[in-house]
Amino acid sequence: MYCKINDKFKDECGVFGIFGTKEASVLTTLGLHSLQHRGQEGAGIVSFDGKAFHSVRKQGLVGDNFNNKDILSNLPGKTAIGHVRYSTTGESKPENLQPFFANLAIGGFACAHNGNLTNTYSIKKQLVESGSIFQTSSDTEIILQLVARSKKKKIIDKLIDTLQQIKGAYSLVILTNKKLIGVRDPFGIRPLVLGNKNGSPVLASETCALDMIGAKYVRDIENGEIIVITEDGMKSIKPFKKIPERPCIFERIYFASPDSIIGNKTVYTYRKALGEQLAIENNIIADVVVPIPDSGVSAAIGFSQNSKIPFELGIIRSHYVGRTFIEPSQTIRQFGVKLKHSVNRSCIENKKVILIDDSIVRGTTASKIVKMVYEAGAKEVHLGISCPPILHPDFYGIDTPNYNQLIASQSSLKKMTKLVGAKSLFFLSLDGTYKAMGCEKRNSETPQFTDHCFTGEYPIDIAEILKLNR
Ligand code: AMP
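Here's what I pulled together on the structure shown here. In this text, all values refer to a predicted model and were calculated from it rather than measured experimentally.

This part covers the overall build of the protein. When helices and strands are counted, the protein shows 17 helices and 21 strands. On C-alpha atoms alone, the protein measures out to a radius of gyration of 22 Å, which is about the 23 Å that the 2.2 N^0.38 rule sets for 470 residues. Expressed as lengths along the three principal axes of its C-alpha atoms, the size of the protein is roughly 70 × 45 × 45 Å. Counting all 470 residues of the protein, 58% fall into the buried class. Taking as baseline every contact in the protein between residues at least 6 positions apart, the subset at least 24 positions apart corresponds to 69%. On the protein, roughly 19,600 Å² of surface is accessible, and the fraction owed to carbon and sulfur atoms is 51%. The distance from the centre of the 59 positive side-chain charges to the centre of the 46 negative ones in the protein is 2 Å.

See the structure below:
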């Protein structure tokens, strides 16, 4: 076999890098800590001390694995990059933890990747047939292999050569012995920002990582841009034909941290606007608006403020269990929902309740919570979702299940309402979603975002992945 056909090249990740500062690895640890919502399965850092590269990659949370004393002794140097990772079922192997590092003929090369490539299988097949040996089941490894085999002389040309062969979503942070490099794919699907910490350039998936280390936000890395940082300064390279950017709309709806800034506004502002828009579109008579925490809180505030129905913390979330998605099997995931949420009876008993969450994926969370709320004595339970039904899986770096597990893809609204057990279930329209994002309307020719989860319009061909998933 060339490679395991059923390898799932799926990651939800966060990346970070800092150039030319004392305690680079400590700052990277802090940055990764603030990006931990993007991946909790494992974390890694690679540093360069002027002579050698150093690497630590551990399964588990940043805070549990990286402490001040060890970081400084094990990861010396003034430049470092880091990665937090969350993969899907079956791929939770230590060798898949990033950043990946390779000693190339031209020198050391470390790479951290957020996103998913869509032509991994065909490239990997070619590489394996011509003698490459793969150590991991991650799509990111093909980037290192292609850079290593490129016939170009300079590292940047080797990288451009590689980028011209790969397809898909990628925000990359790369470290060599002289350079810190940031790359965003031609559509800019996953985020990447540039910051500055007392003169030291910083790259990070989200601005919350800049806030964490007291760095100033400079700008977003543009779609299709390579930014090269050296002792001599910063250079921007745009090797692709410019196309309109299509960032993933789900970053704003669910994935990014509420305090991160995207397009001059906090993610919280967008989520609140989604909730307001949901209230504008749905006039439900009820006594209380209750968020499903934490993901539904911002939208529920918006819904409550717009509908004038009081906001109450009717569900309490335990912060000592991870995301329910982290559990590999459906049975454990269901149990996880109970571990995670409990009902605050005083806000619910004898009330008509509107529950708000940001999204429904499999429907597990919603059905458990609706049941709990009825059991706590609610008179009526309505469920509002501050985005449209998720009808299609993501293949660009957010973990969503296949079609057959996506409740909205399998069931009509009536059936879904019955499955979740609510009196009514309502979703935000696609137009309303775009309005909440500050767009007058969705541009049907070239939408301002990639919204494939709702529309099935994938800006980057996914035929190869669909074929493998069959
Ligand atoms: P489910 O229980 O499968 O319907 O999942 C819905 C819950 O998971 C909602 O509370 C969402 O905020 C959250 N969610 C949505 N998308 C994802 C994702 N890609 N990874 C983890 N959690 C998610």
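As summarised here, the arrangement of the six strands in space is β5-β6-β7-β8-β12-β13, forming an open sheet in which the pairing is antiparallel. One side of each edge strand has no neighbouring strand; the edge strands of this open sheet are β5 (100-104) and β13 (233-237). This sheet shows a mean twist of 20° between the axes of neighbouring strands, independent of strand direction. As paired elements, strand β6 (residues 107-114) and strand β7 (residues 171-176) share six bridges and run antiparallel to each other. Following the sheet pairing, N114 is matched in β7 by S171.

Here the focus is the site of the ligand. With respect to spatial proximity, 16 residues lie near the ligand, and among them Y254, D357, D358, G363 and T365 are the closest. Contact between the ligand and E12: a nitrogen atom at 3.2 Å from a side-chain N or O atom of the residue. Between R362 and the ligand, the recorded distance is 2.8 Å, taken from a backbone N or O atom to an oxygen atom. Taking 510 Å² as the accessible area of the ligand by itself, protein coverage stands at 96%. When residues of the shell around the ligand are traced back to their parent elements, those giving at least two are α8 (249-255) and α12 (364-375).

A few words on helix α6 (residues 155-163). Across the nine residues of α6, seven count as buried, placing the element largely inside the fold. I155, I156, K158, L159, I160, T162 and L163 are the residues of α6 that are buried.

This paragraph deals with the packing of helix α9 (residues 267-281) against helix α10 (residues 297-307). Following both chains from N to C, one finds α9 and α10 inclined at 45°, their axes separated by 6 Å at the closest point. Classified by the angle their axes make, α9 and α10 are oblique. As for the relative orientation of α9 and α10, their crossing is right-handed in sense. On the side of α9, the interface is formed by Y268, R271, K272, G275, E276, L278, A279 and I280, while α10 contributes S298, A299, I301, G302, F303, Q305, N306 and S307. A breakdown of the residues in the contact of α9 with α10 according to their chemical character gives seven nonpolar, six polar and three charged.

All told, the structure shown has nine aromatic pairs when counted by the stated rule. A centroid spacing of 6.2 Å and a plane angle of 40° characterise the contact between F303 and F426, whose relative ring orientation is tilted. With F303 in helix α10 and F426 in strand β21 (residues 424-427), this pair connects stretches of sequence that are 123 residues apart. Summarising the burial analysis for this pair, F303 and F426 share the class buried.

Mapped onto the fold, R184 is located in strand β8 (residues 180-184). A relative accessible area of 4% means that R184 is categorised as buried. Between the C-alpha atoms of R184 and N223, which are 39 residues apart in sequence, the distance is 5.4 Å. At 2.9 Å, the side chain of R184 forms a polar contact with the backbone oxygen of G188.

Counting residues in each nonpolar core, the largest one holds 71 residues, and the members touching the most others are L355, I360, V373 and L383. Counting residues per element, this core draws most heavily on α9, at six residues. Here this core gathers at least three residues from each of two domains, domain 1 (14-245) and domain 2 (265-452). A102, F109, L127 and I237 belong to the second-largest nonpolar core, a separate cluster that totals 28 residues.

A few words on the environment of T433. For T433, the position within the fold is in helix α15 (residues 430-436). Take T433: its relative accessible area is 0%, and that puts it in the buried class. Distance in space between the C-alpha atoms of T433 and L172 is 28 Å, their sequence separation being 261 residues. Apart from residues no more than four positions distant in its own chain, T433 is found in contact with I249, I253, L274, C387, P388 and L428.

For strand β10 (residues 200-204), the buried fraction is high: five of the five residues fall into the buried class. Both strand β9 (residues 193-197) and β10 contribute to a ladder of five bridges, which runs antiparallel. Bridging across to β10, G195 finds its partner in V202. The loop that links β9 with its antiparallel partner β10 comprises two residues; one of these, N198, has a positive phi angle of about 45°.

About the criteria used
Residues numbered from 1 in each chain as written. Predicted model: local features only at pLDDT ≥ 70, side-chain atom pairs only at ≥ 80, totals over all residues. Heavy atoms only, no water. Helix = DSSP H or I, 4+ residues; strand = E, 2+ residues; numbered from the N terminus. Rg over C-alpha atoms; globule rule 2.2 N^0.38 Å. Buried < 20%, exposed > 50% of the residue type's maximum accessible area, 1.4 Å probe, protein only. Contact = heavy atoms within 4.5 Å. Areas by Shrake-Rupley, 256 points an atom, 1.4 Å probe, with all protein chains shown as cover. Lys, Arg positive; Asp, Glu negative; His and termini not counted. Charge placed at Lys NZ, Arg CZ, Asp CG, Glu CD. Pairing = 2+ DSSP bridges. Axes fitted to C-alpha atoms, helices over the stretch in contact; angles between N-to-C directions. Near = heavy atom within 4 Å. Polar contact = N/O pair within 3.5 Å; in protein donor to acceptor, adjacent residues only side chain to side chain. Parallel < 35°, antiparallel > 145°, perpendicular 65-115°, else oblique. Left-handed = near helix turned anticlockwise from the far one by under 90°. Nonpolar A, V, L, I, M, F, W, Y, C, P; charged D, E, K, R; others polar. Phe/Tyr/Trp six-rings, centres within 6.5 Å; stacked < 30°, edge-to-face > 60°. Core = buried A, V, L, I, M, F, W, Y, C linked by side-chain atoms within 4.5 Å. Domains from an automatic or database assignment.

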